[in-house]
Amino acid sequence: MSLMLPELSNPYLNSLAIGFVYGLVACTATCLPYIAGYIASAGTTFRRSVLITLIFNAGRITAYTLIGALLGIFGSLARSFVDDATLASLQIYSTIIFGIVTIIIGTSLLYKTRKNSCNCNKPPLNPKWLPNRFDVGAYVLGLSRGLVLCPPLIALLFSSILFANPVNSIAFAALFGIGTAVSPMLLIGGVTGWLLSKAPLLRNFIALAGAIIIILLGIITLISSLITLV
């Protein structure tokens, strides 16, 4: 296996370790702006922010697992017919989709923020209800981000095709995703919410700014991808 780390001969531990290293190096830097903007708009307590980060990462892990399943099932064909140019094109198109989804989610957050600011006397949602705990927007944002092809994951899966069955490919991809999730991203997300909670008088402004940041990030991502495509 070409991506084996030193002294890690177990492919499952290797997948987890590669994900962890990649999470430290790249995932935190690339995902944190989206998470921070979402946290600013959707929730500003440490516990709530950690939950949002976990749900975002759950979406990414789901996406990685789907990619692992597809490559596990069609691995031999993919290895024969998919080249670097095809992977680059797929990454551009998936990034375009991610940009569009980000804009939609940011717009939704902006609408909710404006609506909540006009209903200050509305009673809070019951935190014991599961639908109020599971943030669909954070999950979809993480899912769309995870569908943007991750080079280390693709390299890991392609290098394992020769000896791995579809079940193993799914396991490798899921473990890689879990490894990326066990990174400073989780703690930083919680600390971000905790810091923002220290300014309750600016809550509406922070929520509005967070939604606008998400929209701008989506626009920048979309424009950059379209320019690359052209």
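Refer to the structure above for everything that follows.
**Brief notes about a nonpolar patch on the surface**
- Residues Leu13, Leu16, Phe20, Val21, Leu24, Val25, Ile178 and Val182 make up a contiguous nonpolar surface patch of about 670 Å² in total accessible area.
- Here the nonpolar patch gets six residues from one element, more than from any other, and that element is helix H1 (residues 11-42).
- Secondary-structure assignment places leucine 13 in helix H1.
- We classify leucine 13 as partly exposed; its relative accessible area is 48%.

**Thoughts on the state of the cysteines**
- Under the counting rule described, the total for this entry stands at zero disulfides.
- Lacking any disulfide linkage, cysteine 31 is separated from the closest cysteine sulfur, that of cysteine 27, by 5.2 Å.
- Classification of cysteine 31 as buried rests on a relative accessible area of 2%.

**Structural notes on the nonpolar core**
- Core analysis: the biggest nonpolar cluster contains 20 residues, and Ile35, Tyr38, Ile105, Leu109 and Leu141 have the highest contact counts within it.
- For this core, the elements supplying multiple residues, two or more each, are H1, helix H2 (46-73), helix H4 (84-117), helix H6 (136-146) and helix H10 (203-229).
- The element that contributes the greatest number of residues to this core is H1, accounting for six residues.
- For isoleucine 105, the contacting residues outside a window of four places in its chain are Tyr38, Gly137, Val140 and Leu141.
- Within the second largest apolar cluster, 14 residues are counted, among which are Ile18, Tyr64, Ile67 and Phe176.

**Topic: the side chain of threonine 95**
- Within the secondary structure, threonine 95 is located in helix H4.
- Residue classification places threonine 95 among the buried residues on the basis of a relative accessible area of 16%.
- For threonine 95, the residues in contact, after removing those within four places along its chain, are Val148, Thr221 and Ser225.

**Thoughts on the environment of leucine 222**
- Among the secondary structure elements, leucine 222 is positioned in helix H10.
- The exposure class of leucine 222 is buried, given its relative accessible area of 19%.
- Linking leucine 222 and isoleucine 100, residues 122 residues apart in sequence, is a C-alpha distance of 6.7 Å.
- Those residues in contact with leucine 222 that lie beyond four places of it in its chain are Ile96, Gly99, Ile100 and Ile103.

About the cut-offs
Residues numbered from 1 in each chain as written. Predicted model: local features only at pLDDT ≥ 70, side-chain atom pairs only at ≥ 80, totals over all residues. Heavy atoms only, no water. Patch = residues over 30% accessible without salt bridge, like charges linked within 9 Å, V, L, I, M, F, W, Y side chains within 5 Å. Areas by Shrake-Rupley, 256 points an atom, 1.4 Å probe, with all protein chains shown as cover. Salt bridge = Lys/Arg side-chain N within 4 Å of Asp/Glu carboxyl O. Helix = DSSP H or I, 4+ residues; strand = E, 2+ residues; numbered from the N terminus. Buried < 20%, exposed > 50% of the residue type's maximum accessible area, 1.4 Å probe, protein only. Disulfide = S-S within 2.5 Å. Core = buried A, V, L, I, M, F, W, Y, C linked by side-chain atoms within 4.5 Å. Contact = heavy atoms within 4.5 Å.

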